[in-house]
Structures are given as C-alpha cells and as structure tokens.
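Understanding the architecture of this molecule
So the chains spell out like this:
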Amino acid sequence: MLVVNTIAEVRAFIKARRREGKTVGLVPTMGYLHEGHASLIKKCREENDIVVVSVFVNPSQFGPTEDLEAYPRDFDRDCALCESAGVDIVFHPEPTEMYKTPKAYVNISTLSDNLCGKTRPVHFCGVCTVVCKLFHITMPDRAYFGQKDAQQLAIIKKMVKDLDFDIVIVGCPIVREIDGLAKSSRNIYLSSAERKAALCLSSSIKKGESMIIKGMKSDELIDAMRDVIEAEPMARIDYVSVVDAFTMKDVETIDGSVLVAMAVYIGKTRLIDNFSFEV
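Report follows, based on the coordinates. In this text, all values refer to a predicted model and were calculated from it rather than measured experimentally. (Residues numbered from 1 in each chain as written. Predicted model: local features only at pLDDT ≥ 70, side-chain atom pairs only at ≥ 80, totals over all residues. Heavy atoms only, no water.)

Before going further, it helps to examine the packing of helix α9 (residues 199–211) against helix α10 (residues 218–230). Running from N to C, α9 and α10 cross one another at 150°; their axes reach a closest spacing of 8 Å. Judged on the interaxial angle alone, α10 and α9 are roughly antiparallel. Crossing hand, α9 versus α10: right-handed. Of the residues in α10, those touching α9 at C200, S203, S204, I205, K207, G208 and M211 are E220, L221, A224, M225, V228 and I229. For the contact of α9 with α10, the per-class residue count stands at 8 nonpolar, 3 polar and 2 charged. (Axes fitted to C-alpha atoms, helices over the stretch in contact; angles between N-to-C directions. Helix = DSSP H or I, 4+ residues; strand = E, 2+ residues; numbered from the N terminus. Parallel < 35°, antiparallel > 145°, perpendicular 65-115°, else oblique. Left-handed = near helix turned anticlockwise from the far one by under 90°. Contact = heavy atoms within 4.5 Å. Nonpolar A, V, L, I, M, F, W, Y, C, P; charged D, E, K, R; others polar.)

Structure below.
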C-alpha cells in the first residue's frame, strides 16, 4: 500500500493505473476509521481495480465553535485498517496542500438549507468543496459514502449531476454497534455514561420504523420519536425531522420516499442518525 501526501503524487499514481486500463474507486474520509469506513472500502474493493482512500480532516467544513482541533486522529491506525482491507493508495494531505489563499468554494443551495445545514451553515459548502477537489485530483469511476450522512449523500449526488462529473456515487448502509448505536468517529468523545445514553437515538429509530405507515402525519411520528429521546436526561435534541428524500424539504404526510433524520447532543457530542421509508 502506498501512502502519499501531495496532489502530484496521487495524480501520477492514478494516471499510471489509468494507462493500464484500471478502474478507480474513491473512499473520502476524515480518518479515525472504524467498521463503517471499512464497509465502504470493502464495497469499493469489490467494484474497482484500484482503491483510493483519502484521510483529510477538512477545516472548511467546521464552524468556528466546532470540534476541528479536537476531532480524533490516529493515522497509523487508519493505515493499518486500510492495508488490511486491501487499499492501494492512501492520500493524506496537509491543509496547505489542499487549499490555496484565497479559496474557491462549491456550494449547493436548497438541499443544504434544512437539517444539519440549518444549524451548521458552513458545513456543506466545505464538504462540497473538498469532495469536488478530491474528485478532480483522483478522477475516480466511483465514490463511496455512508448513508448515515444521508443529507451529505443527497448533496454529493446533486453536485455530481449538476457539475457533470462522470462519477457513480455509491451509498452504503449504516453500520451499527451490536447495541444499535450508529458507528461514528465522534463516538470516542462519549464517556461510559454518555455512551449508554446515546442509545436513545437508535431506540428512537426503532420506534419510528415500527410505527411509520403511508399517510401518517409527520408530526405524529416526530412526537413519538422525540418522546423516546427526551426520556434520556443526557440528551438534547437539535432536530428530528421528516423530509422528502430528494429535496430535503419537510413533509407533512408520509408518502413517496422520505428520510427520517435526527441530530442529538449527548453531553457536548453531536450525533446523527436516520432511516428511510419508501411507499
């Protein structure tokens, strides 16, 4: 497995493989890899000749009061997981390699106005910008993203369509702990008591999945799920919403393809989870 830090190095590697007629898959990550990332890499390995994993904590997607400096990092551990999963090349740039001053940005309007975009106003502009750059740098045939970040996945698909990238975006299922908690790099922030409290998210998901039906009022579903979360004293809800799966706009009635999404603070740690329902 090759580890590189510069755009020139990864481009040279990819161009050489392209000349050999190889297909390329990209798994963009911010590192501190876990089984959820491993599932993306596995899918990428199955569908491509060359697997590229980027490990880059992207500063442009963090707001001024968010956890950029505290975000967990363990590059040696990341490399061990990548090597065991059959990754061909890891791209691990410094921020100065990825961003020049002044910066150009990519932004997707409308889809980023709701859910996480409402409370993290700079987040998706930063995500789109870095993903766009990674696409140009690595020139993949396919790129792999987790469905836990469902709004991000929808936005990336929209960006690819609108900007005419010749890339297939592959969404992969949420990977959970045995007790139901969605895998997240931020789970490391949780104390043992907070880790137990965080199960209110997956419990709320189970409640929602068990009661959702065609024609149900969204408010009824949201209230039932909020009741589960609010029964946990350590939980503070950012949002629980039912939205159209393609527009990310709130819907009043369950019909068509909907996304039921939430963001909840457990102590100081903000966690997200979701499930989809298609009539």
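The 3 strands lie next to each other as β7-β8-β9, forming an open sheet whose pairing is antiparallel. Of all the strands in the sheet, just β7 (235–244) and β9 (269–278) have a single pairing partner and so form its edges. Within the sheet, the average angular offset between the axes of one strand and its neighbour, ignoring direction, is 15°. Summarising the sheet, strand β8 (residues 257–266) and β9 pair through 10 bridges and their orientation is antiparallel. Among the inter-strand pairings, A263 is bridged to a residue of β9, identified as I272. Strands in contact with α9 are β7, β8 and β9; relative to β9, the strand with the most contacts, it is inclined by about 15°. Contacting β7, β8 and β9, α10 runs over the sheet at an angle of about 160° to β7. (Pairing = 2+ DSSP bridges.)

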